[in-house]
Amino acid sequence: MTAAAPKKGPAVEPGGFPLNEFIVFSLIGGIVVIGIISAVIAGATPKGILTNLGFYVSVAIIFSVLALGFNLQWGYTGLFNAGIAGFYLIGAYVAAIAITSPAPPIVVGDVVVYPGHLGGFSLPLVVGVLLAMVAAGGAAAVVALPALRLRADYLAIATLALAVTLQIVTRNAQNITGGAIGITSVPPPILFQGTDASFLNAITMVGIGGFVLFALLVILQFMSESPWGRVLRDVREDEEATMALGKNTFSYKLQAFALGGALMGLAGALYAVTLGYLSPESSFAPAVTFSVWVMVIVGGSGNNRGAFVGAFLIYGMEWLSVQVRDQAASGLAANYLLMSVLFIALGVGALLAVLAVQFVGRRVLDRRRAWLLIAAILGAFGAAPAALGALPIGWCFALFVLLFGFAFVVDRAKKSRRARAGIYAAATLYGVGWAFILLQQLAPNAVADSFFYIRLMIIGALLILLIIFRPEGILREKKRVLR
Amino acid sequence: MARPRSRLSALRPTARFRAQLARAGVVVLVVVGIFGTLTLAFGISVLQYALGGMVISSIVIVAAIGLTVLYGIRGFANFAYGDIATLGGYVALVLTFGGISLVLGAIITFLLLAAFGVFLEFAVFSRLEGRGVVAPLVASVGVGLIIQNGIRAVAGTQKWLYPVTLGQDFVIVPGLGIHPIRGILTLSVGVILVVAAHVLLKYTNLGKAMRATADNLELAKATGIDTRRVTYAAWAVSCSFASIAGVLLGLGSALSPTVGFESLLLIFAAVIVGGIGSPYGAMLGGLLVGMSQEMSVPVLVWLERPDVLGLQFGANYKVAVPFIILILVLIFRPWGIAGRKPVFAPRAFFLERITRSLRERPVSSEAVAADREAGKS
């Protein structure tokens, strides 16, 4: 292909891969790289780093399963669920109660140290997972029954109400759920002994989660291509027309919603096993629901691959922010500064990528150019901290402003919306790094706390920007043409 | 021969008003009767709970009016509404710390939040017009996340109190008291805002335009109403009412970053119970939801007794009551208790389907064939 490649060419050239996928996977790669580098700076052992990475991957898998469930409900069928956290909670608690051993209340003197919880049936893991799926799917069906025949916002309000109420009930129903303390000792699938236990545990969970996710992706892809999946998409596009074709749309909507709920229950069960303990406070807060929305919208709704990619990307952000917060909380100002520098490096890398793409100037990269881009990004990772170490910080900032201005001029000249978005993303990353450095200078103690909230604010801003400017997500749904 | 008309006939109430008066009298009698019986049966504490319910209801009603006005005109569920209320509470807090009295601070907050609402529509939601109900809902969640966590990052997660002296409960009868600020002030602010909303909606051109737009956007446009201006006005009204609700919530207990979000469910329940887009329905719904939440407390406390159910922390379950009401209304009257049944009403799921299947004859292929024959001849 020459530079005069037609703009509306084939999506995938032989021997190349589409740009959007490239951007997404390089971002996920960047997250992993930053995580590893920060762990190395903090002086972690290789096994410790692998354990931490394993934790990232297994929780990202759990979020992928949640996102797949929501994608089945909203992406395919158009049913908007605002209570993902509720179904997730049901799955987690049902599974935990089913598979733990009995936990009687612990009372020291007059003080109840641990109120105990219902059950302790010591059932096998598979049974617990199935029970969790049935319970969450059943709850989804029950909530959906009155709300499905109404407009989409009624369903959203009803499910939000369920999630909020369930969280409060869980916090208070001590003799069932253990109250605010929660369920403390959920057994892992395989019990390891010795010093390597946490490492082996993380690897097991990655294995189990990876298997589940792979199986789900295959099954859901098959289902969405089947006649059943076609009816779901028809319901989303035009319910009246689907009814006129003789389909019982209510039944299809109910099936899709209950199945999605069951998937969320499965995610909850995986969460209980992965973490080994449950408490109602943060894990099942409404913010979980909103994160899953961002994941599906970023990835591209109506697209299983998009849901999975979005989960890895957005949870990656969260994981990184926890890493940075831990660095900040550990009081090692130098580590913290380095983390900020890494963010700046990511920004510079993204900017370089955008510029490179601008000069390459086409939608589809061939393999050679892709490698060049990867080299450019990795080079930026190496070069930016080095430059920051050698030059005064003010000069670096001036340098970035120059670079940004240059990119802006290029962008204006080329009138490319994609490049503009990329430049803004790069500027955001760079800005985040700078904001951290400034915060560290101005209010060293505020950083650790405000970090978490700033992450949620970023998620909120992402929701608004995505829904306004790119509702179809990064990886858009495949266009289906009748032949 | 015409009857001589008395001079006062112009002031004689119309038949419709007399009927309304009679209906209102019956309602008042029934309510008084219920509370009288309950008080005789269980003691004065029932009235105390009822008073608490009235106070909560007045906050919920103020918030629900604001939410439902916006819901009716803009057509989407504003999930940021609770956080906008929290923002109002915190703005008033900052103003009072700046040395302004709380009343003046609340009025300034009222105006500031109105401007904030206009800004939100301008910056975010006007771009999502014509994109269905879900897109603006998602954007509103984004707005809510930014507000809530911005407050957390700036003001911290601790609870804040307004710098006002609260004083003691004002005792009416032994066992029945009302707090001068948390009770009387909240109730009177609620009444004032309800009256203000009534005057705005019934007696001003803007209010008429708002009702017309909520009823039918296209028709309102066709009659020459500037619906864009009405939309901005609805945002201003909605957010300013939210800010007052936020201040009242902060006065009622304390300000925390989630104080508005936690009452969002209550407000939505009130709006849906009253029928979406109907301010008068929202008043009724707010009263019903708030009262039933507070009045459920004695029942839940009774359930705590070991010989009854042995429920733990029963009173904390009162937040589940609006959820139950919401689900019941969604099942039986999705258009709200005060709303009219729409022409194309969604089919009620359980009862109507069962009764219809009993009433209708089963459709067999012979019957269809017979119908076709009848049509041909």
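Model, not experiment: these values are computed from the prediction.

1. Regarding the overall build of chain B
Now for step 1: Regarding its fold elements, chain B presents 14 helices and two strands.
Now for step 2: Burial statistics for chain B: of 377 residues in total, 45% are counted as buried.
Now for step 3: A separation of at least 24 residues holds for 70% of the contacts in chain B among residues at least 6 apart in sequence.
Now for step 4: Summing over all exposed atoms, chain B offers an accessible surface of approximately 19,900 Å²; the carbon and sulfur share of this is 68%.

2. Brief notes about the interface of chain B and chain A
Now for step 1: Contacts between the two partners involve 48 residues from chain B, matched on the other side by 43 residues from chain A.
Now for step 2: Buried area between chain B and chain A, summed over both chains or domains, comes out near 4,100 Å², and the portion from carbon and sulfur atoms is 79%.
Now for step 3: Summed over the three residues of chain B that lose the most area to chain A, namely B:Val138, B:Leu145 and B:Leu330, the buried surface amounts to 13% of that side.
Now for step 4: Scanning the region where chain B abuts chain A turns up three residue pairs in polar contact (both at pLDDT 80 or more).
Now for step 5: At the level of elements, helix H5 (134–155), helix H10 (259–274) and helix H12 (320–332) of chain B are the ones that each hand at least two residues to the side of chain B that touches chain A.

3. Thoughts on the environment of B:Leu38
All names here are of chain B.
Now for step 1: Structurally, the position occupied by Leu38 is in helix H1 (residues 15–42).
Now for step 2: Each C-alpha atom of the pair Leu38 and Val289 lies 19 Å from the other, and the pair is 251 residues apart in sequence.
Now for step 3: Other than its neighbours up to four places away in sequence, Leu38 contacts Gly43, Val46 and Met295.

4. Some thoughts on the packing of helix H3 (residues 81–97) of chain B against H5(B)
Residue and element names in this part refer to chain B.
Now for step 1: Packing of H3 against H5 leaves a shortest axis separation of 8 Å and a crossing angle of 30°. In the packing of H3 onto H5, the handedness of the crossing is left-handed. For the pair H3 and H5, contact is made by Asp83, Ile84, Thr86, Leu87 and Tyr90 and by Gly144, Ile147, Gln148, Ile151 and Ala155, respectively.
Now for step 2: Taken together, the residues of the contact of H3 with H5 sort by class into six nonpolar, three polar and one charged.

5. Section: the side chain of B:Glu121
Residue and element names in this part refer to chain B.
Now for step 1: The residue Glu121 is located in helix H4 (residues 102–123) in this model.
Now for step 2: According to the relative accessible area criterion, Glu121 is buried, its value standing at 3%.
Now for step 3: Leaving out residues up to four positions away in the same chain, Glu121 has contacts with Arg74, Ser126, Glu129, Thr231, Tyr232 and Trp235.

6. A word on the packing of H3(B) against H4(B)
All names here are of chain B.
Now for step 1: In contact at an axis separation of 9 Å, H3 and H4 are set at 135° when each is read in the N-to-C sense. Here H3 lies oblique to H4, going by the angle between them. In terms of crossing hand, the pair formed by H3 and H4 is right-handed. In this structure, H3 uses Ile84, Leu87, Gly88, Val91, Ala92, Leu95 and Thr96 to contact H4, whose residues at the interface are Leu102, Gly105, Ile108, Thr109, Leu112, Leu113, Phe116 and Leu120.
Now for step 2: Here the residues of the contact of H3 with H4 sort into 11 nonpolar, four polar and no charged.

7. Structural notes on a positive patch on the surface
Residue and element names in this part refer to chain B.
Now for step 1: A grouping of Arg16, Arg23, Lys202, Lys208 and Arg211 is seen on the molecular surface, where their side chains present a positively charged patch.
Now for step 2: When contributions to the positive patch are tallied by element, the ones reaching two or more residues are H1 and helix H7 (205–215).
Now for step 3: With respect to the helices and strands, the residue Lys202 is situated in helix H6 (residues 180–203).
Now for step 4: Judged by relative accessible area, Lys202 falls into the partly exposed class, the value being 36%.

About the thresholds
Residues numbered from 1 in each chain as written. Chains lettered and ligands numbered in written order. Predicted model: local features only at pLDDT ≥ 70, side-chain atom pairs only at ≥ 80, totals over all residues. Heavy atoms only, no water. Helix = DSSP H or I, 4+ residues; strand = E, 2+ residues; numbered from the N terminus. Buried < 20%, exposed > 50% of the residue type's maximum accessible area, 1.4 Å probe, protein only. Contact = heavy atoms within 4.5 Å. Areas by Shrake-Rupley, 256 points an atom, 1.4 Å probe, with all protein chains shown as cover. Buried area = accessible area lost by both parts, 1.4 Å probe. Polar contact = N/O pair within 3.5 Å; in protein donor to acceptor, adjacent residues only side chain to side chain. Axes fitted to C-alpha atoms, helices over the stretch in contact; angles between N-to-C directions. Left-handed = near helix turned anticlockwise from the far one by under 90°. Nonpolar A, V, L, I, M, F, W, Y, C, P; charged D, E, K, R; others polar. Parallel < 35°, antiparallel > 145°, perpendicular 65-115°, else oblique. Patch = residues over 30% accessible without salt bridge, like charges linked within 9 Å, V, L, I, M, F, W, Y side chains within 5 Å. Salt bridge = Lys/Arg side-chain N within 4 Å of Asp/Glu carboxyl O. Lys, Arg positive; Asp, Glu negative; His and termini not counted. Charge placed at Lys NZ, Arg CZ, Asp CG, Glu CD.

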